[in-house]
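# A look at the structure
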Amino acid sequence: MKNTLALSAVTAALLLPAFSAHGENLDVLMSQIFPQEHATYIGYESVEREDIPASSVIDRKYLIVDFRFESRQPPVEQLQASVHKVCMTLLRDRDLVQQLSDSGYDMVAVAFDRRSQFDCL
């Protein structure tokens with residue numbers, strides 16, 4: 001699912017300390033997914049939607065893992081394969097998924113540019 005990627009640096013700065021203990025594991029895992037000539041992991045951002053009630057079924061807190069392609073963005077099929085690779089890498093790490101869940105994350109999204117993101121879980 002494609003969403004607009006409009007994040008506030010202030011919000012991310014306020015929320016990242018709560019995730020920092022797990023962030024090192026996430027950073028190591030994400031930085032090893034792609035060869036450097038394909039895509040580079042540049043970090044993650046934590047987003048919490050304060051405008052959504054905590055009791056809502058809509059995802060309220062999510063994590064965005066951010067990558068950039070070395071050259072221009074690949075064709076749609078290759079982009080989908082890259083999203084799938086990131087998502088499956090996350091899902092295979094059960095300890096990390098449990099840590100994210102315990103930290104209150106409802107979803108993880110993948111971004112390859114500043115305009116869009118793709119939901120994993």
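Residues numbered from 1 in each chain as written. Predicted model: local features only at pLDDT ≥ 70, side-chain atom pairs only at ≥ 80, totals over all residues. Heavy atoms only, no water.

### Overview of the side chain of His 38
Looking at the secondary structure, you find His 38 in the loop between α1 (9–31) and β2 (39–48). For His 38, a relative accessible area of 19% gives the class buried. A distance of 3.1 Å separates polar atoms of two side chains, one belonging to His 38 and the other to Ser 82. (Helix = DSSP H or I, 4+ residues; strand = E, 2+ residues; numbered from the N terminus. Buried < 20%, exposed > 50% of the residue type's maximum accessible area, 1.4 Å probe, protein only. Polar contact = N/O pair within 3.5 Å; in protein donor to acceptor, adjacent residues only side chain to side chain.)

### Comments concerning the state of the cysteines
Counted under the stated rule, the structure contains one disulfide. Each sulfur in the disulfide pair Cys 87 and Cys 120 lies 1.8 Å from the other. Between Cys 87 and Cys 120, the disulfide has an S-S torsion of -80 degrees and is therefore left-handed. Note that Cys 87 is positioned in helix α2 (residues 76–92) and Cys 120 in the segment after β5 (116–119), a separation of 33 residues in sequence. (Disulfide = S-S within 2.5 Å.)

### Section: the pairing of strand β3 (residues 61–69)
Within β3, eight of the nine residues are buried, which leaves it mostly tucked inside the rest of the structure. By the bridge criterion, nine bridges tie β2 to β3 in an arrangement that is antiparallel. Bridging across to β3, Ala 39 finds its partner in Phe 69. Inspection of the sheet shows β3 paired to strand β4 (residues 107–111) by five bridges, in the parallel sense. Opposite Asp 66, over in β4, you have Ala 111 as the bridge partner. (Pairing = 2+ DSSP bridges.)

### Observations regarding the side chain of Lys 61
Inspection of the secondary structure puts Lys 61 in strand β3. The side chain of Lys 61 sits in the buried core without any salt bridge; Glu 48 is the nearest counter-charge, 4.9 Å away. Look past the residues within four positions of Lys 61 in its chain and what remains in contact with it is Ser 46, Val 47, Glu 48, Ser 103, Gly 104, Tyr 105, Asp 106 and Met 107. (Lys, Arg positive; Asp, Glu negative; His and termini not counted. Salt bridge = Lys/Arg side-chain N within 4 Å of Asp/Glu carboxyl O. Contact = heavy atoms within 4.5 Å.)

### Description of the pairing of β5
The sheet contact formed by β4 and β5 spans three bridges and is antiparallel. When the sheet's bridge partners are listed, Ala 109 is paired in β5 with Asp 119. In this antiparallel pair of consecutive strands, β4 and β5, the connection spans four residues.

### Thoughts on the environment of Asp 27
For Asp 27, the location among the structural elements is in helix α1. The exposure class assigned to Asp 27 is partly exposed, which follows from its relative accessible area of 29%. Between the C-alpha atoms of Asp 27 and Tyr 41, which are 14 residues apart in sequence, the distance is 8.1 Å. In contact with Asp 27, other than residues within four places in its own chain, are Tyr 41 and Tyr 44. One polar contact links Asp 27 to Tyr 41, side chain to side chain, over a distance of 2.5 Å.

### Re the confidence of the model for the protein
Here the protein averages 79 in pLDDT, and 79% of its residues register 70 or above. The model gives residues 1–21 a pLDDT under 50, and that stretch makes 37 contacts with residues more than four places away or in other chains. (pLDDT = per-residue confidence, 0-100.)

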